[in-house]
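# Observations on chain architecture
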Amino acid sequence: MRYLTAGESHGPQQTTIVEGVPANMELLEEDINKELRRRQGGYGRGRRMQIEKDKVQFLSGVRHGKTTGAPITMVVENNDFKSWEQIMGSDPLTEEEEKNIKRKISRPRPGHADLNGAIKYNHRDMRNVLERSSARETTARVCAGALAKKVLQTFGIDVGGQVLEIGGIEAEDIDYKDIYDLKERTESSPVRCLDKSAEEKMMQAIDDAKQNGDSIGGVVQTVITGVPVGMGSHVQYDRKLDSKIAGAVMSINAFKGVEVGIGFDAASIPGSQVHDEIAWDQEQGYYRKSNNLGGFEGGMTTGMPIVIQGVMKPIPTLYKPLQSVDIESKEPFNASIERSDSCAVPAASVVMENVIAFEVAQGLLDMFGSDRVDAIQQNITEHFKWAREF
């Protein structure tokens, strides 16, 4: 299973094409739309979320509520395009129009792809860079992830997440009964946090950042349960599933770090307190007494929940812009201001869930087949039985 995305922030639409989804899986547009709504929510979001009411449309690969096995094309229209059609149109411009084009950008913003991309692709108007490097592209990636979540749920695997930190305010480690309890409680929180005391402080920190024209980042966590043993592989570096997940997390806009399980804390703890002891019983077969390694050993799943943390930096588009240099005049200047959020950490939690879900779904289909749902289910059932009796 693989996917490609296409589209610009202020272009006509975001497009996602996913290939390798098994046939005869039930799939509705609402399965995608509910994840798109989650991505647009969360405390600290900016005005763009009031303009865009993201809804997906299937253009291929789905017939009468079921997948056909063909590539699935999903599009989400950018409602804002009607205000940008002249600026973002595909028709050639005259020399005079080129000279007078509105919103041409020659002042790169620190923390963005603007200057690097302009140098790489020889763009004098850096809008050609920022339109594609914008976090608006995560709309298309959430479409792919929502489809992957449906694949996982079809086979009894579920995905949830929470916000652990915003702007230096850390949530206490709050217990939850199961993945469904985690999802229900975080969905009712404006910042997707289980700790109600920290929730209030996080919201205040977001308000303070907005008032100051600043932004703040944080730490988010994704949890996946019901995963079979052995997804991924130890035999080659590019088949290790935890490595693929780490790469996917780092590809999300503004993410600068990733941890599996206890992550960097393992550096300061003796090995006897890090590694997960193995046990066995008649009902569940082999299991671990702890899950410090986040559900992975040797690049393969252990059968314990997958637990991943991601670190998001503060969004670099600020309403009190940082200093930059105009690429035309080479003079110092305050960076251009584009619409932005004071904090997108709660939304980033949703994005991370979805990009990880895609990697896990891909690993599942690599191991158990990808042609049709009934054959995959049979393979998974036999594997669980085999693993218990091993």
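This section reports on the structure supplied with the text. Remember, predicted model here, so these are calculated numbers, not experimental data.

### Concerning the pattern of salt bridges
Inspection of every chain in the model, using the stated rule, returns 20 salt bridges. E19 serves as the salt-bridge partner of R2, at 2.6 Å between the closest nitrogen and oxygen. One end of the pair, R2, is in strand β1 (residues 2–6); the other, E19, is in strand β2 (residues 13–19), and 17 residues separate them in sequence. Overall, the relative accessible area of 35% leaves E19 in the partly exposed class. Several salt bridges converge on common partners, so that one network encompasses E35, R38, K149, E187, R192 and E353.

### A short note on the nonpolar core
In terms of nonpolar packing, the biggest core is built from 69 residues, with I32, M74, L147, I166, I245 and I356 touching the most fellow members. Looking at this core element by element, the count peaks at 13 residues for helix α11 (residues 345–368). Apart from residues lying up to four places away in sequence, M74 is in contact with Q14, T15, T16, V18, I32, V56, Q57, F58, C143, A144 and L147. The next biggest cluster of nonpolar side chains, apart from the first, holds five residues, and it includes I105, M126, L130 and I327.

### Remarks on helix α5 (residues 114–121)
Every buried residue belonging to α5 is among D114, G117 and A118, and all of these are buried. Along the axis of α5, the buried residues cluster in a sector spanning 100°; they form a single face. In α5, the exposed residues that point more than 90 degrees away from the buried face are N116, I119 and K120. Residues of α5 that are buried sit in contact with α6 (127–133). At the C-terminal side of α5, N122 shows a positive phi close to 60°.

What counts and what doesn't
Residues numbered from 1 in each chain as written. Predicted model: local features only at pLDDT ≥ 70, side-chain atom pairs only at ≥ 80, totals over all residues. Heavy atoms only, no water. Salt bridge = Lys/Arg side-chain N within 4 Å of Asp/Glu carboxyl O. Helix = DSSP H or I, 4+ residues; strand = E, 2+ residues; numbered from the N terminus. Buried < 20%, exposed > 50% of the residue type's maximum accessible area, 1.4 Å probe, protein only. Core = buried A, V, L, I, M, F, W, Y, C linked by side-chain atoms within 4.5 Å. Contact = heavy atoms within 4.5 Å. Arc of directions from axis to C-beta.

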